[in-house]
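Here is what each chain is made of, one letter per residue.
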Amino acid sequence: MSNHGAGDASVIAQETLDIEIEALQRMRSRMDARFNHAVEIVLTMKGRVVVVGMGKSGIIGQKIAATLASTGTPAFFVHPGEAFHGDLGMIRPVDVALLISNSGETEEVLRILPFLEHQQNQIIALTGGMESTLAQHSHVVLDVGAEREACKNNLAPTSSTTNTLAMGDALAVALTVKRDFQPEDFARFHPGGSLGRRLLTRVCDVMHKGPLPVCLPEASFRDVVTSITDGRMGLTLVMDGQDLRGIITDGDLRRAFEAQEDVNQLTAAQMMSPCPLTIDQHMRFAEAEAYMRDEEVRALVVQDEEGQTIGVLQIYDIKNEELSV
């Protein structure tokens, strides 16, 4: 039977987080040259990182393997129980084994050691048992031990699994820095996600193409309004032949009304914003978005390699693209 009077749940949650934060801070204080050694082993390997863990450690191991793989370090997870039913064949001598066991005495993990030692695999251990069997058979031991679990009975893996997950993240991040892993690299491994699409998509993929709303520099106020209305983009480009002279937006029309008593006397050249901001059609979508944010504009004129106007990119294009991914 549950004990509903055992205390306020939010207080228990805060205490849980405090315990895990303290465990992380203690682990941080123990970081030393062994971590650098582990990173160098992975950087110089010719194969992949094979992550092995049992139970809760295995679940954490799957996340670590996924994070490594998505950030430029080839990695996969092998369940130690399945390893003895054929999966050992997935591990090659050039691979690095990342073995996870809080105690360092997990039987299913230890059973893999003779095979790894026979193949001469490099072994990195994530464990809290620094004098354990696993530690003694590893080339590098990273201490992920926690003085106590956040569980009331000090039994359920909580602080220890948090430490292990954080150490895996630390490895992955350190490796990305060492490899100079860029957003474009991340996007290649995540082409279906919103970040991947933003980084891989080019301006020419999402811009408004022809026919674009245009008018001549001598166009009347009425002609400008008609062009903006028909174009349904909230703007019109002022073109002199193939040359871009300026841009007129809804905002320019409002300012014209405020500044002039008789706007019907105005021409497009008098209302336009000259020298509109332009971008190359091959610019990355994310760069164009950042440029628009920095310049605080809602539209950019897109040009080709010869400087000819071929499209318009608008701020709501970006918002729609983000919502659609």
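Located above this text is the structure these notes cover.
Residues numbered from 1 in each chain as written. Predicted model: local features only at pLDDT ≥ 70, side-chain atom pairs only at ≥ 80, totals over all residues. Heavy atoms only, no water.

K.L.:
I would appreciate a short explanation of the overall build of the protein in the present structure.
P.N.:
When helices and strands are counted, the protein shows 16 helices and twelve strands. Taking all 325 residues of the protein together, the buried fraction comes to 43%. Summarising the internal contacts of the protein: among those between residues at least 6 apart in sequence, 64% fall at separations of at least 24. A total accessible area of about 17,500 Å² is found for the protein, and carbon and sulfur atoms account for 51% of it. (Helix = DSSP H or I, 4+ residues; strand = E, 2+ residues; numbered from the N terminus. Buried < 20%, exposed > 50% of the residue type's maximum accessible area, 1.4 Å probe, protein only. Contact = heavy atoms within 4.5 Å. Areas by Shrake-Rupley, 256 points an atom, 1.4 Å probe, with all protein chains shown as cover.)

K.L.:
Help me out: how do you make sense of the sheet that holds strand E1 (residues 49-53) in this one?
P.N.:
Sheets are built from strands paired through backbone hydrogen bonds, the pairs being either parallel or antiparallel. Taken together, the five strands give an open sheet; going across it, the order is E2-E1-E3-E4-E5, and neighbouring strands pair in parallel fashion. Of all the strands in the sheet, just strand E2 (75-78) and strand E5 (140-143) have a single pairing partner and so form its edges. For this sheet, the mean inter-axis angle between neighbouring strands, taken without regard to orientation, is 20 degrees. Strand direction decides the pairing type here: E1 and strand E3 (residues 96-100), joined by five bridges, are parallel. Residue Val50 lies in a different strand from E3, and its bridge partner there is Ala97. Against the sheet, helix H2 (residues 33-44) touches E1, E3, strand E4 (122-127) and E5, its axis set at about 125 degrees to E5. (Pairing = 2+ DSSP bridges. Axes fitted to C-alpha atoms, helices over the stretch in contact; angles between N-to-C directions.)

K.L.:
Is there a simple way to explain helix H3 (residues 56-70) in this structure?
P.N.:
The periodicity of an α-helix, 3.6 residues per turn, causes residues three or four places apart in sequence to face the same way. Taking 1.5 Å per residue, 15 residues should reach 21 Å; H3 reaches 22 Å between its end C-alpha atoms and fits that length. Taken residue by residue, H3 has Ser57, Gly58, Ile60, Gly61, Ile64, Ala65, Thr67, Leu68 and Ser70 as its buried positions. One or two residues past the end of H3 sits Gly72, with phi positive at roughly 100 degrees. (Expected span 1.5 Å × (residues − 1).)

K.L.:
Looking at this structure, how should I read the packing of H2 against helix H8 (residues 159-179)?
P.N.:
Helix-helix packing: each pair is described by the crossing angle between the helix axes and the interaxial distance. With their axes 10 Å apart at the nearest point, H2 and H8 run at an angle of 60 degrees to one another. Compared by their axis directions, H2 and H8 come out oblique. Regarding H2 and H8, the two cross each other, and that crossing is right-handed. In this structure, H2 contributes Phe35, Ala38, Val39, Glu40, Val42 and Leu43 to the contact, and H8 contributes Met167, Ala170, Leu171, Ala174, Leu175, Lys178 and Arg179. Of the residues that constitute the contact of H2 with H8, the class distribution is ten nonpolar, no polar and three charged. (Parallel < 35°, antiparallel > 145°, perpendicular 65-115°, else oblique. Left-handed = near helix turned anticlockwise from the far one by under 90°. Nonpolar A, V, L, I, M, F, W, Y, C, P; charged D, E, K, R; others polar.)

K.L.:
Hey, could you run me through the sheet that holds strand E7 (residues 235-240) in this one?
P.N.:
Across the sheet, four strands lie side by side as E6-E7-E8-E9; this open sheet has mixed pairing. Sheet topology places strand E6 (214-215) and strand E9 (273-274) at the edges, where each strand pairs with a single neighbour. Bridge analysis of E7 against strand E8 (residues 243-249) gives six bridges, and the strand direction is antiparallel. What sits directly across from Val238, in E8, is Gly246. The sheet strands contacting helix H12 (residues 221-231) are E6, E7 and E8, and the helix crosses E7 at an angle near 120 degrees.

K.L.:
Help me understand the pattern of salt bridges, please; the structure alone is not making it clear to me.
P.N.:
Where side chains of opposite charge bring their charged atoms close, a pairing between them can arise. On inspection of all chains with the given rule, the structure shows twelve salt bridges. Between Arg255 and Asp252 there is a salt bridge, with its nearest N and O atoms 2.8 Å apart. Note that Arg255 and Asp252 are positioned in helix H13 (residues 250-259) at a spacing of three residues, about one turn of the helix. The class of Arg255 is partly exposed, set by a relative accessible area of 48%. According to the relative accessible area criterion, Asp252 is buried, its value standing at 7%. What emerges from the salt-bridge pattern is a single network uniting Arg30, Asp143 and Glu147. (Salt bridge = Lys/Arg side-chain N within 4 Å of Asp/Glu carboxyl O.)

K.L.:
Would you mind going over the pairing of strand E11 (residues 299-303) with me for this structure?
P.N.:
Along any regular strand, the residues point their side chains to alternate faces of the sheet. The buried fraction of E11 is high, at five of five residues. Residues Ala299, Val301 and Gln303 of E11 are buried on one face, and the alternating residues Leu300 and Val302, pointing to the opposite face, are buried as well. Where strand E10 (residues 278-280) lies against E11, three bridges are found, and the strand directions are parallel. Bridging across to E11, Thr278 finds its partner in Val301. In this region the chain leaves E10, passes through helix H15 (residues 285-295) and returns to the parallel neighbour E11; the handedness of that crossover is right-handed. Pairing geometry for E11 and strand E12 (residues 309-314), over five bridges, is antiparallel. Residue pairing in the sheet places Val301 in a bridge with Val312 of E12. In textbook terms, the turn of a hairpin is the stretch between consecutive antiparallel strands, and for E11 and E12 this stretch comprises five residues, one of which, Gly307, has a positive phi near 85 degrees. (Right-handed = clockwise from strand over helix to strand, strands pointing away.)

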